[in-house]
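One-letter residues, chain by chain:
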Amino acid sequence: MSNASKFGKVAVLLGGKSAEREVSLDSGTAVLEALVRSGVNAEAFDPQQRSVTELVNYDRAFIVLHGRGGEDGQIQGVLEWLNVPYTGTGVQGSAIGMDKVKTKQVWQGSELPTAPYRIVTKDSDAADIVNSLGLPLIIKPVHEGSSIGMSKVEKIEDFAEAIAKATEHDAVVMAEQWITGREFTIVVLNGQALPVIRLEPPQDVAFYDYEAKYNRNDVQYGIPCGLTEAEEQQLKALSLRAFQAVGASGWGRIDAMQDEQGNFWLLEVNTVPGMTSHSLVPKAAAAVGYSFDDLCVAILEQTLTGSAH
């Protein structure tokens, strides 16, 4: 790419101190190598090892920090204060997107379909929660990504243990109604929904968990996704509305389910999705002709537009 000089000096933000540090290091390294191959003057920047005030020495930032500190508006706020343009979603959209409950509240307020939930603590009445949401249900930390700390609860006796596991990662925990059906992910890039991907974890996995996301090679990724053309268009339109409702922008991913009656349910939004060899954004982009290098440059180009942060 001959005009890579237009980007100036780019910080690829990776690592950080969240529970997703290792994944972020993998993602960030892949992005860095792609930008360098494309002629961009890019350098790795790990905020766990350097002061964020040093970011003032860069012309723009490519954020590949997953989880808290990177995906929740904190680093976005620092970059805005330093007047450094950056990729992806702004401060408010990041803060909402990282909080599963706030995301659900926004979607409910926008009349978008999302599974019923309750905020729970170790003192919650398990029978009351099960009575309201049914079984099975899923227990999730509200402010974690990558399925960290999540458990499927199939019988009431497992409720307390699931809450204890989630509480190790977050002070705020939610119980969500389990949707039985097919799982999909929809990548959004520059205002467009890319081809929908169907996720099919192997039978011995309760759901698409951390192990399935990053370490297993037997997860099936379906492109085409198996939906009818009309259903795929419906899910894409729903995902774009969901993405915009939380204030997300640039690039990201919406996870959704289709229940056995054919209804779609929104699960969550990822405003800084993974960019590793196992990741879903590169798979969806490849389906419309983007190489990994092209994809990284296209995301970085968001920092050049008038709408850049």
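Refer to the structure printed above.
This structure is a prediction, so every number in the text was calculated from the model and none was measured.

Draft legend 1. View of the sheet that holds strand β7 (residues 173-177). Across the sheet, 4 strands lie side by side as β4-β7-β5-β6; this open sheet has antiparallel pairing. Strands at the two margins of the open sheet, each flanked by one partner only, are β4 (117-120) and β6 (151-153). Geometrically, the sheet is characterised by an average inter-axis angle of 30° between neighbouring strands, direction not taken into account. Note that strand β5 (residues 137-141) and β7 share 5 bridges and pair antiparallel. Bridge assignment links Pro 141 to a residue of β7, and that residue is Val 173. Where helix α5 (residues 126-133) meets the sheet, its contacts fall on β4, β5 and β7, and the angle it forms with β4 comes to roughly 165°.

Draft legend 2. Molecular detail of the sheet that holds strand β2 (residues 41-45). Pairing in this open sheet of 3 strands is parallel, and the strands run β2-β1-β3 from one edge to the other. Looking at strand neighbours, the two that pair on one side only are β2 and β3 (60-63), the edges of this open sheet. Taken over all neighbouring pairs, the strand axes of this sheet differ in orientation by 30° on average, direction set aside. Both strand β1 (residues 9-13) and β3 contribute to a ladder of 4 bridges, which runs parallel. Across the sheet, the residue bridging to Leu 13 is Ile 63, located in β3. Sitting on the sheet, helix α1 (residues 21-37) touches β1, β2 and β3, and the angle it makes with β2 is about 165°.

Draft legend 3. Summary view of the packing of helix α3 (residues 91-98) against helix α4 (residues 100-109). Interaxial distance between α3 and α4 falls to 5 Å at its minimum, and their mutual angle equals 105°. Considered as vectors, α3 and α4 are oriented roughly perpendicular to each other. Counting all contacts with α3, which are made through Ile 96, Gly 97 and Met 98, the residues of α4 involved are Lys 100, Lys 102, Thr 103 and Val 106. Class assignment of the residues belonging to the contact of α3 with α4 gives a composition of 3 nonpolar, 2 polar and 2 charged.

Draft legend 4. Representation of the packing of aromatic side chains within the structure. On inspection of all chains with the given rule, the structure shows 2 aromatic pairs. Lying across the ring of Tyr 58, Lys 9 places its NZ or CZ 4.9 Å from the centre. Above the ring of Tyr 221, the side-chain terminus of Lys 283 is found at 4.5 Å from the ring centroid.

Draft legend 5. Representation of the pairing of strand β8 (residues 181-189) within the structure. Within β8, 7 of the 9 residues are buried, which leaves the element mostly enclosed by the surrounding structure. For β8 and strand β12 (residues 251-259), the ladder comprises 9 bridges, and the chain directions are antiparallel. Paired with Arg 182 across the two strands is Gln 258, which belongs to β12. Looking at chain direction, β8 and strand β10 (residues 197-200) are connected through 3 bridges and run antiparallel. Looking across to β10, one finds that Thr 185 is bridged to Ile 197. Bridge count between β8 and strand β9 (residues 192-193): 2 bridges; the pairing is antiparallel. When the bridges of β9 are listed, Val 188 appears paired with Ala 193.

Draft legend 6. A look at the nonpolar core. Of all hydrophobic cores here, the largest spans 42 residues; its most connected members are Leu 13, Leu 35, Leu 55, Phe 62 and Leu 79. It is helix α10 (residues 292-300) that provides the largest number of residues to this core, a total of 5 residues. Three or more residues apiece are contributed to this core by two domains, here domain 1 (2-86 + 292-300) and domain 2 (95-111 + 179-270). Trp 107, Val 196, Val 246 and Phe 264 belong to the second-largest nonpolar core, a separate cluster that totals 22 residues.

Draft legend 7. Quick look at unusual backbone geometry. Here the amide bond leading from Leu 135 into Pro 136 is cis, since omega sits at -5°, within 30 degrees of zero. Among the secondary structure elements, Pro 136 is positioned in the loop between α5 and β5. Here the bond from Ile 223 into Pro 224 is cis, since omega is 5°, no more than 30 degrees from zero. Counting through the fold element by element, Pro 224 comes out in the loop between β11 (220-222) and α8 (229-245). The backbone phi angle of Asn 83 is positive, close to 65°, even though this residue is not glycine. With respect to the helices and strands, the residue Asn 83 is situated in the loop between α2 (74-82) and α3. Even without being a glycine, Glu 111 presents a positive backbone phi close to 60°. Along the chain, the position of Glu 111 falls in the loop between α4 and β4. Residue classification places Glu 111 among the exposed positions, given a relative accessible area of 71%.

Calculation notes
- Counting from 1, residues in each chain are numbered in the order their sequence is written.
- Where local features are concerned, this predicted model is filtered to residues with pLDDT of at least 70; where side-chain atom pairs are given and counted, the filter is 80 or more; whole-chain, interface and lining totals use all residues.
- Values shown for side chains rest on all heavy atoms present in the structure; no hydrogens or waters enter the calculation.
- Pairing between two strands is assigned when DSSP locates at least 2 bridges connecting them.
- Runs of E in the DSSP output that reach at least two residues are strands. Runs of H or I that reach at least four are helices, and both are numbered from the N terminus.
- Interaxial angles span 0 to 180 degrees and are taken between N-to-C directions of axes, which are lines fitted to C-alpha atoms, for helices over the stretch in contact.
- It only takes one pair of heavy atoms within 4.5 Å for two residues to be counted as in contact.
- An angle below 35 degrees is treated as roughly parallel, one above 145 as roughly antiparallel, one from 65 to 115 as roughly perpendicular, and anything else as oblique.
- Each residue gets one of three labels, nonpolar for Ala, Val, Leu, Ile, Met, Phe, Trp, Tyr, Cys and Pro, charged for Asp, Glu, Lys and Arg, and polar for the others, Gly among them.
- Between 30 and 60 degrees the pair is tilted, below 30 it is stacked and above 60 it is edge-to-face, where a pair is any two Phe, Tyr or Trp rings, Trp via its six-membered ring, whose centres lie within 6.5 Å.
- Only Lys NZ and Arg CZ are tested; either one counts as a charge over a ring when it is within 6 Å of the ring centre and within 35 degrees of the ring normal.
- The buried label goes to any residue with under 20% of its type's maximum accessible area, the exposed label to any with over 50%, and the partly exposed label to all in between, with areas taken from a 1.4 Å probe on protein chains only.
- The term nonpolar core refers to a set of buried residues drawn from Ala, Val, Leu, Ile, Met, Phe, Trp, Tyr and Cys, joined through side-chain atoms within 4.5 Å.
- As annotated, the domain borders come from an automatic or database domain assignment.

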